Amino acid sequence: MTSRGWTTVGDIVARLRRRWDDGSLLTSHAKAAPFEPVEVPLRGPTPASIGDDIAAVREWVAALDAGRRDDTCYELEWKSVGGRKFGRNEIPARAVLRRREQVWALLGVTGTVRRFDDLLEVSSRQPRVREWITEHPHRALALTPQMPQLIAAYEWLDAHRQSRRYLREISAPGVDTKFVERHRPELAAMLGVAASSSGFVSGLGLRPKPALVRLRPSPSLGLPAALTELAVPADELARLHVQSRVAVIVENEISYLSVKVPDDGIVLWGRGFDVDNVGRLPWLGGADVVYWGDIDTHGFAILDRLRAWLPEARSVLMDQETLLAHRDRWVTEDRPARSALTRLTVDEWGLYTDLVEGALGDRVRLEQERIDWNWVEQRLYSDH
């Protein structure tokens, strides 16, 4: 607007710029949808004010008339207004854009639209890629230099669905695993799978990185005595038949490495919510399973999750006595859980509820590595 509030060429551009920025203009262009004319009402001088500054009025009219560039940017519709001093005058009433080409010219994006058309042409043999370009025009334009590799990656991945090959085996021209990881959100949308790293791989039926379970076995279990610790793919470990009397699952790595391995027993690293990899080991069903995790809401959520696999698993060092004995070592839990956990014992549920409701303090947390080691040694195996 001018200082008088009269519509300028810049105001007409701004009206169309919003539709350009949100991608809707390019999307409708890609879909060959009929173009609906855009009418922009023009605010100008009132009939009574025309005579106040006729030079300003003439300048305003001239600017709008020049801005249409012989109707290549927009057309003007005029209206007749009258005044006592100057008689009747014709002034612009609205700007009208009847063709997309006028929009492109007005916004100065004709060259960009040509590049967009090139992208649509390049992707014409891959409908899903073309659909993504259509729905994400500005992101696609930003990726113009990478589009050949994106299409090549799409074609290879689409052709190798359910192949159970590792992503590292991709052999598309100009594409490596780093490229795929960098552009995973775009490729996931094109391929119709989840964009998370694990969801992308599983959705395409590729082979995921094997989940390793780390364990420290007692020599009496019959494994080679020289092997004090092993890291075994979870599915392979599940096929073994390990006759362990006691299985101690520890959430924290350094605590897992520090605890004594019980006679005829085994210590396993639970790794937080990855505890499913341990819980699904079928031979643990015949063992006395003990779980030691942090005393916080997530620690109890992990315990609850473990019991979905091993209902008889017992918790240790996750009680109120341990928590209160280490008050000086409490820290604050960042984002406490508030789930309704259905597999906790009465005592566990009571402590979990106190933590959720802040009965002992705001977001109280006692990490297992902060517990006094003498306390751990006296109580970890006290019930065995």
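Conventions and cut-offs
- Residues numbered from 1 in each chain as written.
- Predicted model: local features only at pLDDT ≥ 70, side-chain atom pairs only at ≥ 80, totals over all residues.
- Heavy atoms only, no water.
- Helix = DSSP H or I, 4+ residues; strand = E, 2+ residues; numbered from the N terminus.
- Polar contact = N/O pair within 3.5 Å; in protein donor to acceptor, adjacent residues only side chain to side chain.
- Contact = heavy atoms within 4.5 Å.
- Buried < 20%, exposed > 50% of the residue type's maximum accessible area, 1.4 Å probe, protein only.
- Core = buried A, V, L, I, M, F, W, Y, C linked by side-chain atoms within 4.5 Å.

Turning our eyes to something else, we now look at the side chain of Ser218. Looking at the secondary structure, you find Ser218 in the loop between strand S4 (212-217) and strand S5 (230-233). A polar contact is formed between the side chain of Ser218 and the backbone nitrogen of Asp264, at a distance of 3.4 Å. Those residues within four positions of Ser218 in sequence are excluded, and the remaining contacts are Val261, Pro262, Asp263, Asp264 and Gly265.

Attention shifts here to unusual backbone geometry. For Asp264, which is not glycine, the phi torsion reads 55 degrees and is therefore positive. By secondary structure assignment, the location of Asp264 is in the loop between helix H13 (253-258) and strand S7 (265-269). By relative accessible area, which is 34% here, Asp264 ends up partly exposed. Backbone geometry places Leu317, a non-glycine residue, at a positive phi of 60 degrees. Judged by its relative accessible area of 2%, Leu317 falls in the buried class.

Moving on, we come to the nonpolar core. Tyr74, Ile133, Met147, Leu157, Leu187 and Phe200 are the most contacted members of the largest nonpolar core, which totals 63 residues. Not counting chain neighbours up to four residues away, the residues in contact with Ile133 comprise Phe116, Leu119, Leu120, Ser123, Ala140 and Met147. Counting residues in hydrophobic clusters, the runner-up holds 54 residues, among them Val213, Val246, Val259 and Leu344.

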